[in-house]
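The lines below spell out each chain.
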Amino acid sequence: TPEVEQYKHHDDAVYIDELSAPAVNSMIYEMQLEKVHAGIFFAADINALRHAFWKKFHVILAGGGLVVNESGDYLMIFRRGKWDLPKGKLDPGETIEACALREVQEETGLGQVTLGDKLLETYHTYNENGKFILKESHWYNMIAYGKEPLVPQTEEQITDIRWVQKGAIAALLKNTFPSVVDVIAAKKASL
């Protein structure tokens, strides 16, 4: 497909089009290299690929929100040197919707936040103490009412929170994660 072709020959991308245990292991190994910034797995059966890939990871579910105020501004947090959106891990017995709302409230200090429609799911991997982690984040539209003060949750290393006008969001997206760019793009596509 044309979308894949542009990435197949990038020096910083890995492209694999066979589904096997060695291929999955190769992708995981390659993605840990500092020079590699993208991995593309191309397979005819997405469910088979998902099963083969997922079983190599410990999956963690998380919920978060793209919070918009009554003026249409987006809420962004600054954590560990990057602009981000509030999100966090699912607690035992909690629904993913309740998790998303709780995490937004905890990380921002907002109390008057209303949960809206689900936007999308994003995935990212990392290594924690030698274990491969796959974080599956469920993102929701949210709206904040009134002019509540923003209080960064410092124990989560959040050092700044701000409302960002839609026209200014592109500048912050230069210093963020690919999943945050995907969430903002999903929001724009739904408008």
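Details of the structure are given in the entry above.
Below: a short report on this structure. Model, not experiment: these values are computed from the prediction. Positions within a chain are numbered from 1, following the residues in the order the chain's sequence is written. Reporting of local features is limited, given that this is a predicted model, to residues whose pLDDT is at least 70; pairs of side-chain atoms are given and counted only at 80 or more, and all residues count toward the totals for whole chains, interfaces and linings. Derived side-chain values reflect all non-hydrogen atoms in the structure, with water molecules and hydrogen atoms excluded from consideration.

## Regarding the overall build of the protein
So, step 1. Of the regular secondary structure elements, the protein holds six helices and nine strands.
So, step 2. The globule rule is 2.2 Å times the number of residues to the power 0.38, and the radius of gyration it is compared with is taken over C-alpha atoms. For the protein, the C-alpha radius of gyration of 18 Å lies close to 16 Å, the compact-globule estimate for 191 residues.
So, step 3. For the protein, the spread of C-alpha atoms along the principal axes amounts to about 55 × 40 × 30 Å.
So, step 4. Accessible area is worked out with a 1.4 Å probe on protein chains only. A residue is then buried under 20% of its type maximum, exposed over 50%, and partly exposed in between. Burial statistics for the protein: of 191 residues in total, 39% are counted as buried. Numbering of helices and strands starts at the N terminus; helices are DSSP runs of H or I of at least 4 residues and strands are runs of E of at least 2.

## Notes on the packing of aromatic side chains
So, step 1. Working definition: rings of Phe, Tyr and Trp (its six-membered ring) pair if their centres are within 6.5 Å, and the pair is stacked with planes under 30 degrees apart, edge-to-face with planes over 60 apart, and tilted otherwise. The full count for this structure, using the stated rule, is six aromatic pairs.
So, step 2. Here a set of aromatic residues connected by ring pairs shows up, and it is made of Phe41, Phe53, Trp54, Phe57, Tyr123 and Phe132.
So, step 3. As a reminder, the over-ring test applies to NZ of lysine and CZ of arginine, requiring each to be within 6 Å of the ring centre and within 35 degrees of the ring normal. Of note, Lys82 hangs over the ring of Phe177, and the distance from its end group to the ring centre comes to 5.8 Å.

## Side note on the side chain of Asn141
So, step 1. Turning to its location among the elements, Asn141 is positioned in strand β8 (residues 131-144).
So, step 2. We define a polar contact as two N or O atoms separated by no more than 3.5 Å, with the added condition that, inside protein, one atom must be a possible hydrogen donor and the other a possible acceptor, whereas residues neighbouring each other in sequence contribute only through side-chain atom pairs. In terms of polar contacts, Asn141 uses its side chain to reach the side chain of Lys187, at 3.0 Å.
So, step 3. Sequence-distant contacts of Asn141, that is, excluding residues within four places in its chain, are made with Leu66, Thr114, Leu115, Gly116, Asp117, Leu119 and Lys187. We call two residues in contact whenever any of their non-hydrogen atoms come within 4.5 Å of each other.

## Some words on the pattern of salt bridges
So, step 1. Basic side-chain nitrogens of Lys or Arg form a salt bridge, by our definition, when they fall within 4 Å of a carboxyl oxygen of Asp or Glu. As enumerated under the stated definition, the model contains 10 salt bridges in all.
So, step 2. Between Arg79 and Asp84 there is a salt bridge, with the nearest N and O atoms lying 3.6 Å from each other. Comparing Arg79 with Asp84, the two get one shared label, buried.
So, step 3. Between Arg79 and Glu107 there is a salt bridge, and its shortest N-O distance comes to 3.0 Å.

## Topic: the pairing of strand β7 (residues 113-128)
So, step 1. A pair of strands is treated as paired once DSSP finds two or more bridges between them. Here β7 runs beside β8; their pairing, made up of 13 bridges, is antiparallel. When the bridges of β8 are listed, Thr114 appears paired with Ile143.
So, step 2. What sits between the antiparallel neighbours β7 and β8 is a turn of two residues, in which Asn129 has the positive phi angle 55 degrees.

## Digging into helix α4 (residues 96-108)
So, step 1. One fewer than the residue count of a helix, multiplied by 1.5 Å, yields its expected span. In this model, α4 (13 residues) spans 18 Å end to end at C-alpha, consistent with the 18 Å of a helix rising 1.5 Å per residue.
So, step 2. Within the span of α4, buried status applies to Ile96, Cys99, Ala100, Arg102, Glu103, Val104, Glu107 and Thr108.

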